[in-house]
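# Coordinates in review
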Amino acid sequence: MTVSPGVQWRVQFDAAVTFSNGGALQAQEFRLDIPGDDIDDGELGELFVRHLGLLMVGSVTISNKSLVQEPHKGSRGTETTAATQRLIDLSHVIEHDMTTHSGLPGPEISDWLSFTDSQGHYSPGTEFHLGKISMVGNTGTYVDSPVHRFRGGQDVSQLELGRLVDVDGIVVRVGERVIDRKLLLAYEVTGKAVLFDTGWDKHWGTAEYTSGLHPFLTEDAARWLVEQRSAVVGIDSMNIDDTTDGKRPAHTALLGAGIPVVEHLTGLDALPPHGFRFHAAPPAVKGMGTFPVRAYALVG
Ligand SMILES: [Zn+2]
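Rules of the game
- Residues numbered from 1 in each chain as written.
- Predicted model: local features only at pLDDT ≥ 70, side-chain atom pairs only at ≥ 80, totals over all residues.
- Core = buried A, V, L, I, M, F, W, Y, C linked by C-beta atoms within 7 Å.
- Buried ≥ 20, exposed ≤ 12 C-beta atoms within 10 Å, placed from the backbone.
- Contact = placed C-beta atoms within 7 Å.
- Pairing = 2+ DSSP bridges.
- Helix = DSSP H or I, 4+ residues; strand = E, 2+ residues; numbered from the N terminus.
- Expected span 1.5 Å × (residues − 1).
- Axes fitted to C-alpha atoms, helices over the stretch in contact; angles between N-to-C directions.
- Parallel < 35°, antiparallel > 145°, perpendicular 65-115°, else oblique.
- Nonpolar A, V, L, I, M, F, W, Y, C, P; charged D, E, K, R; others polar.

## What about the nonpolar core?
- Residues Val143 and Leu254 are the most contacted members of the largest nonpolar core, which totals 47 residues.
- When residues no more than four places from it in sequence are discounted, the contact partners of Val143 are Val156, Leu164, Pro260, Val261, Val262, Ala280, Pro282, Thr290, Phe291 and Val293.
- Residues Val11, Ala15, Ile34 and Leu47 belong to the second largest nonpolar core, which totals 11 residues.

Right, dumping it as structure tokens:
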């Protein structure tokens, strides 16, 4: 077995389990995280039993085993391979005139005072630059606070820092466009920063990104995160809601419960499934319901 930093492997297999009190369980094309790039059938059988928390196991038979290189999803009982970086940036760069949402103006970045124009204010050879930016709050990677959705709700200056700084994080890796409650039930999300790695960030800067076909949370999924009292929820998609649903049920549930939402994250595939601290605090601006953040994770 070899372990390459930053490369993660999973194993796909069929399993047949018998129980000492009778009964049996069969699994087809099941996948689990593994620490290296191979695992023997005995170890894999034990891992499968630990992952499912099975009691009274009589025998486990593994067949049709194959290895897949893909990010770990957080199987129970597996030590995840350490990420190569300790500090992982999860933010898009904000640039002049870029598009975050079609229909919203891009940021205008300009000189308020250029180096040349500043020279008269200082000693010869000493110069400064002061930039100016004009933008809507929904620019780049940003956080939504309750007043984005509800009159009288908290603005970004009133968000609890404890929900946005040094928060224990988990990644939920999803291949589905519709992220429903049943996809979340196996995760421990209470008090956590729950980050949805949908892969949609690869479309950033293209028409596809803002096409409206992005992955989103259903109302049921958002309500489950509320019931479980997640600290903050993030997604690498264009919107945490299905934008064809005018009720915006995910925003409504999460912001209604005081749970900030970070949208347009990027680079979540570089994170381990757990074992990192999430940071995404905005400046404390009064009256703004949304504002860009520098989202990043510290691993380990
Ligand atoms: Zn939003």
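## Considerations on the pairing of strand 14 (residues 274–279)
- Across four bridges, strand 8 (residues 167–173) lies against strand 14 in antiparallel orientation. When the sheet's bridge partners are listed, Gly169 is paired in strand 14 with Phe276.
- Note: strand 14 against strand 16 (residues 296–299), four bridges, orientation antiparallel. Looking at the pairing, Phe278 lines up with Ala297 of strand 16.

## Some words on the pairing of strand 10 (residues 193–197)
- In terms of burial, strand 10 is a largely internal element, five of the five residues being buried.
- The alternating pattern of strand 10 places Ala193, Leu195 and Asp197 on one face and Val194 and Phe196 on the opposite face, and all of these are buried.
- Pairing between strand 8 and strand 10: five bridges, direction parallel. Bridging across to strand 10, Gly169 finds its partner in Ala193.
- Note: strand 10 against strand 12 (residues 232–235), four bridges, orientation parallel. What sits directly across from Ala193, in strand 12, is Val232.

## A short note on helix 1 (residues 41–52)
- Look at helix 1: 16 Å from first C-alpha to last across 12 residues, which is about the 16 Å you get at 1.5 Å a residue.
- In this structure, the buried residues of helix 1 make contact with strand 1 (9–19), strand 2 (24–34) and strand 3 (57–69).

## Here's the deal with the sheet that holds strand 12
- Taking strand neighbours across the sheet as the criterion, the nine strands line up as 4-16-14-8-10-12-13-7-15 in an open arrangement whose pairing is mixed. In this open sheet, the two edge strands, each paired with only one partner strand, are strand 4 (87–89) and strand 15 (290–292). On average, adjacent strands in this sheet sit at an angle of 30° to one another, irrespective of strand direction.

## Some points on the packing of helix 3 (residues 219–227) against helix 4 (residues 249–256)
- Running from amino to carboxyl end, helix 3 crosses helix 4 at an angle of 10°, the nearest separation of the two axes being 8 Å. Taken together, helix 3 and helix 4 sit at an angle that is classed as roughly parallel. Taken together, the residues of helix 4 that come into contact with helix 3 (itself represented by Glu219, Ala222, Arg223, Leu225 and Val226) are Pro249, Ala250, Ala253 and Leu254.
- A class-by-class count of the residues in the contact of helix 3 with helix 4 yields seven nonpolar, no polar and two charged.

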